[in-house]
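# Architecture and fold: a report
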Amino acid sequence: MSGLGGFGGWRPALREARTGWPVLVVLAVVSAVLTVVSLLWPPVFDGLSTKELNRRLAAAQADGPLVTARATVHAPRNFYGQSTAPQFGSLDSDLTRVGEGMRQGSSGELAHTLVRVSGWAQSDGMDLSGAGVARPHGRAGSVSLAYAQDAADRVRWVAGRAPGQPDGAKQAPIELGMSRKGLAQFGLAVGQRVQLSGQTGATEAVVVGEFEPLDGADDLWRELPLLNEPLDAAVPEGYIRYGQALVAPAGLEAMEARGSLSLSATWAFGVAQQPWGNGGTAAGVRELASGAKGFKRSAVDRVCGEIVSDAAPCSAGVRTVTPPQVQERLSALVDRFAEQRARTVSLQSFALAGLLAIGVSTAVAAARLGARRREGVLALQRARGAGEPALAAVRLLEAAPAVLVGVLAGRAVSGPLAGERPLGAWWPAVAAAVLVAGAPAAAVWWQGRAVRRAGREPVQRRGVKRALGLSGRLVLEGAVLALAAMGVLQLRLRGALAPGTADPDPQLALVPVVLGLAAVVVVLRVYPVPLRVLTGWARRRRGTVALVGLSQAGRRSAAAATALLVLVPALACAVFGALVSGTVRHGRVEAAQWRTGGDAVVLGPSQRPLPLEELAKVPGVGGVLPVRGGVAALTADEDGSVVKGVGLVGVDQAALAGLEPGSPVAAALAAAGLSAPLVAGAELPALADAGTAARFPDGSFDADAGASRFRVRIVGVLPAGADRDRAIGPVVGEVGGGPLLVFGGPAAERLPRQTGQRNAAVLFAEPGRAGSPAGAQRIDGARLRSVVAASAATAGAGGAGAAGGAVLRGAPVEVRDLAGQLSESADDGLVSALELAFRSAAAIGLLLGLAAVVLELLLGSAERGRMLAYLRTLGLGARAAAGVQLVQLLPVMAAAVIGGTLLGLGLPWLLGPALDLRAFTSGPGAPAFAPDWAAIAVAALALLVLVPCAAALEGVAGRRRVPQLLRLGEGAQ
């Protein structure tokens, strides 16, 4: 049997395959590693993403429920409209029916995320009177009755007992439970009887218990703050003290029997992600955001059906309800999470693509070793007439089963590790496996090409080849460089990934890989130049170690291509990951400092004053900078153009310069002369951002700030990066990232007080120095919060209570300290997942690089061993021989370290706007690149350690195959 193309038959081929089993093992291992990485990458990240989403949900719920529904519950009536109250025991079940109905009416991922619902109902306020009852501000206090379904788990009864059912539906006293502060401020005691009077008449009540909250930050006390502490509020006649009392559901049912026609009901939905949930996946995030935005419609449909009208009220058991009004913050949170997740996926795809490219390069190194070891056999087969297609086909048939075994082994390992989550797409693993399987065939074909070219007479080039002096290598290198340039250009023209796109970005993944190949091409072209310089330097010195080692490195400079093909991309991936990680971490710190302004900041509603004098007296506070904020729509005088969503910031430039001497905003305001007094009705001068100032060079505007209108005139341009000024950062972050006007001096004082907007009091521990964690720790946080809690901004004009901040749901009072913001900025699961991806890719890539270097060293071990034996025969010592081997490796290590580091650091500049990291920092703009130099040094050091380790491994593996000394008649070649 002559075989295929003169090859000689399949039995010799099988015997030959058995002799090449080490290379097949390497191919199988590489295929298994790449398969495991490709299949496990998505489920592992989805698990981390879901965990981070759950953390963000929990953190956001600390400021109140993310989803709430409110409705008016009408008393039970019969078919003829006559009241059928009381129906004891029905209120709780009706609240549950409506709340669970809305929750179960959701679908998809939202249904899995809404894990619980809790409802509460309250009556209208009633005048409180009776013997010994206090009359604050000379008038009766107002108390409403509230029932919360899960109040039993949120309070502790310190005196008396919990309220129960009245003995009689229409006459017996209604049992009340009140907090300690409520009892004190209304002058009540446990066991005292009082009178409640309202629009439906009067009823008697008795205080049966005193409670205190188990957790004052609970959402029950945010939604019903008057349960915990009464509030004094201004009315035209003076002030009224408002409070609430806790009752059993039977208490409100008895009120219905005594003429109460309706109750106000609220349902708060708790949200959470289970560890095995799908909310963190690409499809889950989209579905969750869509479900949250559509929950208002689905809640109404579930409670009221498809037809909603005043004539047909919505049924709620024995009662009826108005269509529920849903307020939700969940969709905005999920949208922000989806944008950051999309950026994380696109950046991770680069790490995965780089790792797959490194694995394929390692397979190429193994294939070259196999072809080199079979060089004699292949030469004999070619002499017998075997064609190159046949030889390559046999190599492919040899490698395919080994690669298939590796892929199946990788799949078997990935399944249990992924758990219940689906594995990633198969196409990256299949593509890598195909390239790995084809590596031996390509190596044999390349070897045959070299043999054919070596046996030919030099051919005179003609035409384009002669004119340009082209060779096959130049054409290949030019193609790689041109492909890299086109990829970079296309990425720069395309810009950043569209927000919310959660699929991997093929361009952002593949262009850096092509750039890695281009970097290897450049390194290989530059590599011989310094090597020749060093060799010339070694010739002028005594000793043979450096000269021989560098000479051998020069002779085998072409053989370094495979090692550099693995080491340069591996180190570049590690350096790029360290650069991204360092930039994100540094950017998040800067964003935290920008959101805080100084060492701490108090944000309060614009229409209520912040206690500036009291804040200045807090221990540790060295200075207080008031900053005002607002939003307006501007109508230009010159052409009537309307600019909406313009942020307004007002600050005293003198105070800003004193507390933050390096502030560019303070310098610009002072240079514009905005401290001059203004007459009534005058235009307010302001500095505008560069874009707005260029659009309206002589800008005078009518400003519409909602309830207020005024005139604005642009008198100058803000310096570049003014929105990044950390002293005004808290307010700039509040008014948005659109056009910006900054007012100083008297103009800042005349900015309107807008409902829904917030002013800031920026606190400095040490004026003249930027905020720092140490400075923030010097400020007495407990005292700061107590001052804010007792201020008019939180409690109203009467100044009585920490619960007032919850009443102002549109513009809550917030206290930020720098230490807390920095701690929050360091705790981001998506950033950690991104760092884990690059570190894992770098670690596996460097290990594959170690294998590639070992294979490359084995490729030339025989030649190198005979050369060392020749030198040992001439008297070279063992230590000097080891030095020669080390010097041979130094050029490759230096080229890999320099090329990989420069490529990793240059990728941000090459990728341009495609590498957008603002989604990770939430700061005023794109963060400045700040490499993590410690991580880069560790990666470079790891490479410098791994390469000598590879040499040691190769030395142990090849010790028996090379002679220690030459016998008579042998040469070094």
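Nothing here was measured: the structure is a model prediction, and the numbers come from that model.

The topology assignment puts A837 in helix 31 (residues 829–859). We classify A837 as buried; its relative accessible area is 7%. The residues touching A837, leaving out its near neighbours within four places in the chain, are W41, Q348 and A351.

Time to look at the packing of helix 19 (residues 560–596) against helix 30 (residues 818–825). The interhelical angle for the contact between helix 19 and helix 30, taken along N-to-C directions, is 145°, at an axis separation of 9 Å. For the element pair helix 19 and helix 30, the recorded crossing hand is right-handed. Note on element contacts: helix 30 touches helix 19 through L818, Q821, L822, E824 and S825, opposite R588, V589, A592, Q593, R595 and T596. Class assignment for the residues of the contact of helix 19 with helix 30 results in four nonpolar, four polar and three charged.

What follows is about the state of the cysteines. Applying the stated criterion to the full structure yields one disulfide. The side chain of C304 participates in a disulfide bridge whose partner is C314; the two sulfur atoms lie 1.8 Å from each other. On the S-S bond that ties C304 to C314, the torsion sits near 100°, and the link is right-handed. On the criterion of sequence distance, the pair formed by C304 in helix 9 (residues 295–304) and C314 in strand 12 (residues 314–316) is long-range, its members being ten residues apart. Each of the two residues, C304 as well as C314, counts as buried.

So, about helix 30. Residues of helix 30 that are buried: L818, Q821, L822 and S825. Buried residues along helix 30 cover an arc of 100° about the axis, so they all sit on one side.

With that settled, consider a nonpolar patch on the surface. Together, W21, V25 and V29 give the surface a local cluster of nonpolar side chains, amounting to about 310 Å² of exposed area. Topologically, W21 is positioned in helix 2 (residues 21–61). Residue class for W21 comes out exposed when judged on its relative accessible area of 55%.

With the rule as written, the count across this model stands at six aromatic pairs. Summarising the aromatic geometry, the rings of F576 and F838 are spaced 5.7 Å apart at their centres and angled 70° between planes, so their arrangement reads as edge-to-face. Taken as a pair, F576 in helix 19 and F838 in helix 31 lie far apart in primary sequence, 262 residues in all. The burial state of F576 is the same as that of F838; both residues are buried.

Bringing the pattern of salt bridges into the picture now. Tallying each qualifying case throughout the model produces 29 salt bridges. With a shortest N-O distance of 2.7 Å, R161 and E175 are connected by a salt bridge. Here E175 lies in strand 6 (residues 174–179) and R161 lies in the loop between strand 5 (155–160) and strand 6, a separation of 14 residues in the sequence. Here E175 falls in the buried class, since its relative accessible area comes to 12%. One salt bridge connects D817 with R785, and the closest N-O pair in it is separated by 3.4 Å. Of the two residues, D817 sits in strand 23 (residues 814–817) while R785 sits in helix 27 (residues 781–789), which places them 32 residues apart along the sequence. For D817, a relative accessible area of 25% puts it in the partly exposed group. Among the charged side chains, a salt-bridge network with shared partners connects E52, R55, R56, R588 and D828.

Next up on the list: the side chain of N759. If you trace the backbone, N759 turns up in strand 22 (residues 758–764). A residue is classified by how much of its surface remains accessible, and N759, at 8% relative accessible area, is buried. Looking at N759, its side chain comes within polar contact range of the main-chain nitrogen of G629, at 3.1 Å. Those residues in contact with N759 that lie beyond four places of it in its chain are V602, L603, G604, S606, L610, V627, R628, G629 and R753.

Within the secondary structure, S260 is located in the loop between helix 7 (249–257) and strand 11 (262–271). At a separation of 3.5 Å, a polar atom in the side chain of S260 contacts the main-chain carbonyl oxygen of S262.

Let's shift gears to the confidence of the model for the protein. Overall, the prediction assigns the protein a mean pLDDT of 79, with 83% of residues at 70 or greater. Every residue in residues 1–8 is under pLDDT 50, and counting partners more than four places away or in other chains gives 21 contacts. A low-confidence stretch, residues 464–469 stays under pLDDT 50, and its non-local contacts, those more than four residues away or across chains, total seven contacts.

Moving on: the packing of helix 16 (residues 506–526) against helix 17 (residues 528–539). Helix 17 packs onto helix 16 with a crossing angle of 30° between their chain directions and a minimal axis gap of 5 Å. Overall, the two elements helix 16 and helix 17 adopt an arrangement that is roughly parallel. Two secondary-structure elements touch here, helix 16 through L524, R525 and V526 and helix 17 through P528, V529 and P530.

Reading the values: rules and limits
- Residues numbered from 1 in each chain as written.
- Predicted model: local features only at pLDDT ≥ 70, side-chain atom pairs only at ≥ 80, totals over all residues.
- Heavy atoms only, no water.
- Helix = DSSP H or I, 4+ residues; strand = E, 2+ residues; numbered from the N terminus.
- Buried < 20%, exposed > 50% of the residue type's maximum accessible area, 1.4 Å probe, protein only.
- Contact = heavy atoms within 4.5 Å.
- Axes fitted to C-alpha atoms, helices over the stretch in contact; angles between N-to-C directions.
- Left-handed = near helix turned anticlockwise from the far one by under 90°.
- Nonpolar A, V, L, I, M, F, W, Y, C, P; charged D, E, K, R; others polar.
- Disulfide = S-S within 2.5 Å.
- Arc of directions from axis to C-beta.
- Patch = residues over 30% accessible without salt bridge, like charges linked within 9 Å, V, L, I, M, F, W, Y side chains within 5 Å.
- Areas by Shrake-Rupley, 256 points an atom, 1.4 Å probe, with all protein chains shown as cover.
- Salt bridge = Lys/Arg side-chain N within 4 Å of Asp/Glu carboxyl O.
- Phe/Tyr/Trp six-rings, centres within 6.5 Å; stacked < 30°, edge-to-face > 60°.
- Polar contact = N/O pair within 3.5 Å; in protein donor to acceptor, adjacent residues only side chain to side chain.
- pLDDT = per-residue confidence, 0-100.
- Parallel < 35°, antiparallel > 145°, perpendicular 65-115°, else oblique.

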